Amino acid sequence: MDSVVDTLKEHGRESFQNDKKYIDLGKSQERLQRRKIVNIVAQSMFSLTIIFIIFVLGLLLFNIIKSSIGWLDWEFLTGRLSINPAKAGIKSVIMGSFMLMVVVAPVTMVIGVATAIFLEEYAKKGTLHSIISLNISNLAGVPSVIFGLLGLTVFGRMFGLGSSILAGGLTLSLLVLPNVVVSSQEAIKAVPNYLREASYGLGATKWTTIRKIVLPSAIPGIMTGSILALSRAIGETAPLVVLGIPTLILKSPESFMDDFTALPIQIYYWTLDTVLTREYANLAAATIVILLVVLFLLNASAIIIRNKFQRRN
């Protein structure tokens, strides 16, 4: 009798465990189904968001290109600025932007790459190193107008550079320098340690290892980050506005101490002047097209350089 009772109890426990498994399996199927539905909804929302962004961007580009038709020609590229929209050109504006980048490029690349090499290869890892790296990363998110105020105080007034190309270039260098440092650090970190150890094993010094092994391997990341930083610098307006860059320069700048104007500055002020003269909107649109072409060429060159060095490595 006891054995029969025990058998029934065991059978009951097995039946309960089986029922529990079925219940758990059913709940798992329900959770899986809910997750699939959530995934489909999220995917649809993100897809619609991307489509909306592309649509708005396409509409914006269409309006800009449409407004620039008839205004963007050789005379516009080689002419001088003028208060008469029909005679206005952007030769001095293009020269100002070019000379601005001549200052920004070497300053950011030399200081940025040197800082990254010091932090990754020479500085001791510790609290101080972490604080410095964290602050450099945080500087990349500081609003550009703050750098404009810093440039106005230090370069414009303290050093007496005023609104010259040198003052603007140094101000924009401060703006994009954190980006160059961070991208160069990541590129140097990505170099495998066994390459360094092999170089040391052959008797090379630390600097020789950095110069011959680390930097050539990190060049794709360093160049990509630097060129993208220059792309940001050439399109910045707020720091130059704070510096007091003039809008009407009839003569092209000839030295780095001359006053200048740049493409984003001219776009900004021509857009403001649209309230008074509607034709300024067409001039602004034509200048935007030129700026977009420059940015496209810079980004394309970054991709080409990265791919070239990656194939070589």
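Residues numbered from 1 in each chain as written. Predicted model: local features only at pLDDT ≥ 70, side-chain atom pairs only at ≥ 80, totals over all residues. Heavy atoms only, no water.

Engineer: Which residues make up the overall build of the protein chain, and what are the values?
Structural biologist: Broken down by element type, the protein chain carries 11 helices and zero strands. The secondary structure elements of the protein chain, listed N-terminal to C-terminal, are α-α-α-α-α-α-α-α-α-α-α. Residues counted as buried form 34% of the 313 residues belonging to the protein chain. Intrachain contacts of the protein chain at a sequence separation of at least 6 include 75% that bridge at least 24 residues. (Helix = DSSP H or I, 4+ residues; strand = E, 2+ residues; numbered from the N terminus. Buried < 20%, exposed > 50% of the residue type's maximum accessible area, 1.4 Å probe, protein only. Contact = heavy atoms within 4.5 Å.)

Engineer: Summarise the confidence of the model for the protein chain; cite the residues concerned and give the values.
Structural biologist: Looking at the protein chain as a whole, its pLDDT mean stands at 82, while 89% of the residues score no less than 70. Taken element by element, the protein chain is modelled with least confidence in helix α1 (residues 2–68), mean pLDDT 73, and with most confidence in helix α6 (residues 165–189), mean pLDDT 90. (pLDDT = per-residue confidence, 0-100.)

Engineer: Just give me the short version of the packing of aromatic side chains, but keep the residues and values in it.
Structural biologist: By the definition in use, this model includes two aromatic pairs. Where Phe155 meets Phe159, the ring centres are 6.1 Å apart and the plane angle is 50°; that geometry is what we call tilted. You can call Phe159 exposed: its relative accessible area is 53%. Residues Tyr268 and Tyr269 carry aromatic rings whose centres are separated by 5.0 Å and whose planes lie at 75° to one another, so their mutual orientation is edge-to-face. For Tyr268, a relative accessible area of 36% gives the class partly exposed. (Phe/Tyr/Trp six-rings, centres within 6.5 Å; stacked < 30°, edge-to-face > 60°.)

Engineer: Describe the nonpolar core, with residues and values.
Structural biologist: In terms of nonpolar packing, the biggest core is built from 37 residues, with Ile90, Met101, Val104, Leu172, Leu240, Phe260 and Trp270 touching the most fellow members. Considering every element that reaches this core, the biggest residue donor is helix α3 (residues 91–122), with seven residues. When sequence neighbours within four positions are dropped, the list of residues in contact with Leu240 reads Leu100, Gly168, Leu172, Ile245, Phe260, Ala262 and Ile265. In terms of nonpolar packing, the next biggest core, distinct from the first, is built from 11 residues, Ala116, Ile117, Val191 and Ala218 among them. (Core = buried A, V, L, I, M, F, W, Y, C linked by side-chain atoms within 4.5 Å.)

Engineer: Could you give an account of the pattern of salt bridges, naming the residues involved and the relevant values?
Structural biologist: This model, assessed by the stated rule, comprises three salt bridges. A salt bridge links Arg196 to Glu121; the shortest N-O distance between them is 2.9 Å. Taken together, the residues Arg196 in helix α7 (residues 193–201) and Glu121 in helix α3 connect sequence positions 75 residues apart. Pair check on accessibility: Arg196 and Glu121 agree, each one buried. Its salt-bridge partner being Lys189, residue Glu186 comes within 3.8 Å of it at the nearest N-O pair. With a gap of three residues between them, Glu186 and Lys189 both fall in helix α6, about one helical turn apart. Here Glu186 falls in the partly exposed class, since its relative accessible area comes to 45%. (Salt bridge = Lys/Arg side-chain N within 4 Å of Asp/Glu carboxyl O.)

Engineer: Now, about a positive patch on the surface: what can you tell me, with residues and values included?
Structural biologist: Together, Lys27, Arg31, Arg34 and Arg35 line one region of the surface with positive charge. With respect to the helices and strands, the residue Lys27 is situated in helix α1. On the accessibility criterion, Lys27 (45% relative accessible area) is partly exposed. (Patch = residues over 30% accessible without salt bridge, like charges linked within 9 Å, V, L, I, M, F, W, Y side chains within 5 Å. Areas by Shrake-Rupley, 256 points an atom, 1.4 Å probe, with all protein chains shown as cover. Lys, Arg positive; Asp, Glu negative; His and termini not counted. Charge placed at Lys NZ, Arg CZ, Asp CG, Glu CD.)

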